[in-house]
Amino acid sequence: MADRADPVIRTAGAVSAALVALLTLGALAAVAGRAEGLPRLGPADWAAIRFTLIQAVLSAGFSVALAIPVARALARRRFVGRELLVTLLGAPFILPVIVAVFGLLAVFGRNGLISQALVWAGLEPVHIYGLHGVVLAHVFFNLPLATRFLLQGWLAIPAERFRLAAALGFTPADVARSLEWPMLRAVAPGAFLTVLLICTTSFAVALTLGGGPRGTTVELAIYQAFRFDFDLAKAALLALIQVAICAAAAALAWRVAIPAGFGGGLDRVTERWGLTGTGLRLQDGAAILLAALFLLTPMAMIVAEGLPGLTGASPDIWAAALRSFAVALGSAALAVTLALSMALAVAAGPRLWAAPVGALAQLSIALSPLVIGTGLFILLFPVADPMTLALPVTAVVNAVMSLPFAYRALAPAVADTGLVYGRLSDSLGLSGWARLRIVVLPRVARPLGFAAGLSAALSMGDLGVIMLFAAPDAPTLPMQMYRLMAAYRMDEAAAAALILLAASLALFWVFDQAGRRHAVA
Amino acid sequence: MLWLDGVAVELGRFRLTASLEVPPGARVAILGPSGAGKSTLLSVIAGFQAPTAGRVLWQGQDITGADPGDRPVSVVFQDNNLFPHLTAAENVGLGLRPSLRLSAEEGSRVAAVLARVGLEGRADDRPAQLSGGEQSRVALARVLLRARPLMLLDEPFAALGPALKAEMLDLVKAVAAETGAAVLMVTHDPEDARRLGGQAIVVEAGRAAPPRDTAALLDDPPPGLRAYLEGGGE
């Protein structure tokens, strides 16, 4: 009958849900069991908490504030390359953090383009390390995300409203007051809180650009307590604080309607009138040009600096790349399997199941990689040497971290397939693997490819939990690149950056394209 | 024989009861105002809707709890009868083997039924390349191939024009005659019921009445059906 789920789907869903529960709630419980009381926190730890909150608020504020003129310009101007620019706004999401940091250093660093220009003009070079460096990197990552949120808001304003405004002789200021401002009031808080949530778990940016004790986030403090002080109890306490911060941010974000970040349809431009004034055109042109320069120059620098060293890249780099590649593929396979089996269980299973399984699939949004990593270390330590399991653990944690995105991409398509073709499949006796192969997979090929590509790319570029477990003789590519940068071997780091960038983008592209090709009708 | 033994369905304020028999090979239209429960009746027989009381029996065997795929029925829905990503032949082949791993002999049986419904040479077309009438033919080819003793049709040709609809009804009758299946077809058009011939079940006021001769029923409708057919009385 309607509520009778397939035994295969039911079992797969239950196994996946149990595994995810172990990796999230289990890790959390392990952390809670080892944590010591608040009095253990020293001044440095309080400073880390303060720094985490301040940089997150600043990063979110700047990202959204700067996104407003960019999104407005993109919403009302047609120009050559607009579509490409909108597509590129999605790129930073899968850009490895360490690669982006390398690109930003090449522009804003001590020897970067801007410093060179300043020195040439007889001025002091810029100093990037510290709070402003961290915020700069976060804005680089999240300005595009915020722009996409806001652009969606702008395009959701019906074209008829703008037509009416034009008929009534509204000036651009009138349009802003009566149409655009109400939209922003509805959309901007969601964008702000989403960016805030992302920035509270900052690890790699703070590690590379924080510049020492004054620029340490809680996530980074966990790592330091773990690796440098060998103080598991303190690492666990910090992990709990990290969970509290994330959970608070996630709870806030959940209350505000969060716009879906991956929605299509951003390639159209609403017909507008009364925008031919020179001042307005200059304003929009400048917003688009500056945003494009800010986003594209660091990426161009990665290519420019990486290419010369590429042929001479050491075997170490290629070995690390191969390791990362294996981790990425394993992580993507796991993330997609978990997401698909949980989405199927939610769509086909009894209603009582749906809410908890769906929530479990998205729980890791409110957790951070180092919290899960710390928990897994505590769980694994009594039974195995965590160092020897560094790569598998990294793949598993990466899979759990990308599960919310994979699940959100897949769940609507899976539910839709059940609604439209469920009865037909039932009446033909299609069940179990045959149903998965013949009905479900072809119908969800597109989001499946997207989810696999996203998970693979995120895992390829991850510099987080691997740093906790890191076996020194078997680094992943992001870790190897970080070591090269820390040792000021910049030419080799540049080659590694280019390889890592290419690998991440290629992984995403190949899976996404495969999904599109297999999606028929 | 299909026997609905004291079947009742309650969904909130909606209520439907049915105690009736349909002999093998019968052709039965299901008539009645929208919302009365015509489709619900079909869903109970197909196994998509569990009755809150009573039993569904086929040839004396209780099938009330059987899975839809295990029942002696073939269903043609209002829409979405075909998977858009599969070819016409694959959509038909599903009726033989849900795994689609067909032997050569089974493959030629698929080709034969496609030819039978007038779709020779269209085996590799996908639904998007077929017209609405051709899509209905593919669905009926699958019914023909499955040769189950009960054909359940839920307003299957509502989207087709009058001439095409008549053509499809004749094909339904031909397919039923070849497989010896009984036909139960939901429709809101009395002309469809006349064309199908045979008997009709009237569903109204929470009750599905036992089948009666269609022509006699339509020529002298009881009050409830008359109000539905002729309007007024509201």
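Basis of the calculations
- Residues numbered from 1 in each chain as written.
- Chains lettered and ligands numbered in written order.
- Predicted model: local features only at pLDDT ≥ 70, side-chain atom pairs only at ≥ 80, totals over all residues.
- Heavy atoms only, no water.
- Core = buried A, V, L, I, M, F, W, Y, C linked by side-chain atoms within 4.5 Å.
- Buried < 20%, exposed > 50% of the residue type's maximum accessible area, 1.4 Å probe, protein only.
- Helix = DSSP H or I, 4+ residues; strand = E, 2+ residues; numbered from the N terminus.
- Domains from an automatic or database assignment.
- Contact = heavy atoms within 4.5 Å.
- Phe/Tyr/Trp six-rings, centres within 6.5 Å; stacked < 30°, edge-to-face > 60°.
- Lys NZ or Arg CZ within 6 Å of the ring centre and 35° of its normal.
- Patch = residues over 30% accessible without salt bridge, like charges linked within 9 Å, V, L, I, M, F, W, Y side chains within 5 Å.
- Areas by Shrake-Rupley, 256 points an atom, 1.4 Å probe, with all protein chains shown as cover.
- Salt bridge = Lys/Arg side-chain N within 4 Å of Asp/Glu carboxyl O.
- Pairing = 2+ DSSP bridges.
- Buried area = accessible area lost by both parts, 1.4 Å probe.
- pLDDT = per-residue confidence, 0-100.
- Axes fitted to C-alpha atoms, helices over the stretch in contact; angles between N-to-C directions.
- Parallel < 35°, antiparallel > 145°, perpendicular 65-115°, else oblique.
- Nonpolar A, V, L, I, M, F, W, Y, C, P; charged D, E, K, R; others polar.
- Polar contact = N/O pair within 3.5 Å; in protein donor to acceptor, adjacent residues only side chain to side chain.

## Observations regarding the nonpolar core
Core analysis: the biggest nonpolar cluster contains 135 residues, and F140, L463, M467, L477 and M481 of chain A have the highest contact counts within it. In terms of residue count, helix α6 (residues 131-155) of chain A provides more of this core than any other element does, 14 residues in total. Each of domain 1 (1-34 + 312-521) and domain 2 (45-310) of chain A contributes no fewer than three residues to this core. Apart from the residues lying within four places of it in its own chain, the contact partners of L477 of chain A are I317, A320, A321, S324, M460, A496, I499 and L500 of chain A. Counting 43 residues, the second largest nonpolar core, distinct from the first, contains L428 of chain A together with V7, A36 and F48 of chain B.

## Let's talk about the packing of aromatic side chains
All told, the structure shown has 12 aromatic pairs over all chains when counted by the stated rule. Taking the centre distance of 5.5 Å and the plane angle of 85° together, the rings of F203 of chain A and Y223 of chain A count as edge-to-face. Of this pair, F203 of chain A sits in the loop between α8 (172-200) and α9 (204-209) while Y223 of chain A sits in helix α10 (residues 218-227); the two residues are 20 residues apart in sequence, bridging distant segments of the chain. When its relative accessible area of 6% is taken as the criterion, F203 of chain A is described as buried. Since its relative accessible area comes to 9%, Y223 of chain A is described here as buried. Their ring planes at 65° and their centres at 5.7 Å tell us that Y223 of chain A and F228 of chain A sit as a pair that is edge-to-face. The structure contains a cluster of three or more aromatic residues connected by ring pairs, namely F108, F140, F141 and F294 of chain A. The residue whose ring lies beneath R55 of chain B is W3 of chain B, and the NZ or CZ to ring-centre distance is 5.9 Å.

## Brief notes about a nonpolar patch on the surface
Residues and elements named next belong to chain A. The grouping of I54, L58, F62, L66 and L131 at the surface amounts to a nonpolar patch, some 400 Å² of accessible area in total. Relative to the helices and strands, L66 is located in helix α2 (residues 43-76). The partly exposed category is assigned to L66, whose relative accessible area is 42%.

## Some words on the pairing of strand β6 (residues 73-76) of chain B
Residues and elements named next belong to chain B. The side-chain alternation of β6 yields two buried faces, one formed by V73 and V75 and the other by S74 and V76. As defined by bridge partners, β6 adjoins strand β7 (residues 150-154) across 4 bridges and the pair is classed as parallel. Bridge pairing in β7 links S74 to M151.

## Structural notes on the domain arrangement of chain A
All names here are of chain A. Annotation of chain A at the domain level lists domain 1 (1-34 + 312-521) and domain 2 (45-310). With centres defined by C-alpha atoms, the gap from domain 1 to domain 2 works out at 25 Å. The partner domain 2 presents 41 residues to the 48 residues of domain 1 that form the contact. Across the domain 1/domain 2 interface, buried area totals approximately 3700 Å², and carbon plus sulfur atoms make up 81% of it. The largest share of the area that domain 1 buries against domain 2 comes from L370, L498 and L501, three residues that together contribute 14% of it. Here domain 1 and domain 2 share 0 salt bridges between them.

## Focus on helix α20 (residues 477-486) of chain A
All names here are of chain A. Within α20, 8 of the 10 residues are buried, which leaves the element mostly enclosed by the surrounding structure. When α20 is considered as a whole, its buried residues turn out to be L477, P478, M479, Q480, M481, Y482, L484 and M485. Of the residues one or two after α20, Y488 is the one with positive phi, at around 60°.

## Regarding the confidence of the model for chain B
Residues and elements named next belong to chain B. Per-residue confidence for chain B averages 91 on the pLDDT scale, and 99% of its residues sit at or above 70. Within chain B, the element-level pLDDT minimum falls on helix α8 (residues 223-230), averaging 82, and the maximum on strand β8 (residues 182-186), averaging 96. Across the interfaces of the predicted complex, the ipTM metric reaches 0.83, alongside a pTM of 0.85.

## Thoughts on the pairing of strand β4 (residues 53-58) of chain B
Residue and element names in this part refer to chain B. Pairing geometry for strand β1 (residues 2-11) and β4, over 5 bridges, is antiparallel. Residue pairing across strands places L4 opposite V56, the latter belonging to β4. Two strands pair when backbone bridges link them, and β4 and strand β5 (residues 61-62) are joined in this way by 2 bridges, in the antiparallel orientation. Bridge pairing in β5 places L57 opposite D62. Between β4 and β5, which follow one another and run antiparallel, lie 2 residues, and Q59 among them has a positive phi close to 50°.

## Thoughts on the packing of α10 of chain A against helix α15 (residues 369-380) of chain A
All names here are of chain A. At a minimum axis distance of 9 Å, the contact between α10 and α15 shows a crossing angle of 30°. When the axes of α10 and α15 are compared, the pair comes out roughly parallel. On α15, the residues that touch E219, I222, Y223 and F226 of α10 are P369, L370, V371, T374 and F377. A breakdown of the residues in the contact of α10 with α15 according to their chemical character gives 7 nonpolar, 1 polar and 1 charged.

## Section: the pattern of salt bridges
Under the counting rule described, the total for this entry stands at 22 salt bridges over all chains. As a salt-bridge pair, D45 of chain A and K234 of chain A come within 3.3 Å of each other at their nearest N and O atoms. Of this pair, D45 of chain A sits in helix α2 while K234 of chain A sits in helix α11 (residues 232-255), placing them 189 residues apart in sequence. Taken as a pair, D45 of chain A and K234 of chain A share a single burial class, namely buried. With its nearest N and O atoms 3.9 Å apart, the salt bridge here joins D220 of chain B to R226 of chain B.

## Considerations on the confidence of the model for chain A
Across chain A, the average pLDDT comes to 88, with 96% of residues at 70 or higher. Of the regions scoring below 50 in pLDDT, residues 259-263 of chain A engages in 14 contacts with residues more than four places distant in sequence or in other chains.

## Focus on the domain arrangement of chain B
Think of interface size as the accessible area that goes away when the parts come together; that is how it is often given. Residues and elements named next belong to chain B. On domain assignment, one finds that chain B holds domain 1 (2-72 + 148-230) and domain 2 (84-147). Between domain 1 and domain 2, the C-alpha centre-to-centre distance is 25 Å. If you look at the interface, domain 1 gives 15 residues, while domain 2 gives 11 residues. Counting the surface lost from both domain 1 and domain 2, the interface buries some 1200 Å², and carbon and sulfur atoms represent 66% of this. Per-residue buried area on domain 1 facing domain 2 is highest for R148, L171 and V175; these three make up 42% of the total on that side. At the boundary of domain 1 with domain 2, the tally comes to 2 salt bridges. The salt bridge involving E178 is made with R116; its shortest N-O contact spans 2.6 Å.

## Quick word on the interface of chain B and chain A
At the junction of the two partners, chain B supplies 30 residues and chain A supplies 21 residues. Across the interface of chain B and chain A, roughly 2200 Å² is buried in total on both sides, 64% from carbon and sulfur atoms. It is F48, F83 and H85 of chain B that lose the most area in chain B upon contact with chain A, and together they represent 29% of the buried surface on that side. Scanning the region where chain B abuts chain A turns up 6 residue pairs in polar contact (both at pLDDT 80 or more). Residue composition of the side of chain B that touches chain A, grouped by class: 13 nonpolar, 11 polar and 6 charged.

## Quick look at the side chain of S74 of chain B
Along the polypeptide, S74 of chain B turns up in strand β6. Leaving out residues up to four positions away in the same chain, S74 of chain B has contacts with V143, R146, R148, L150, M151 and L152 of chain B.

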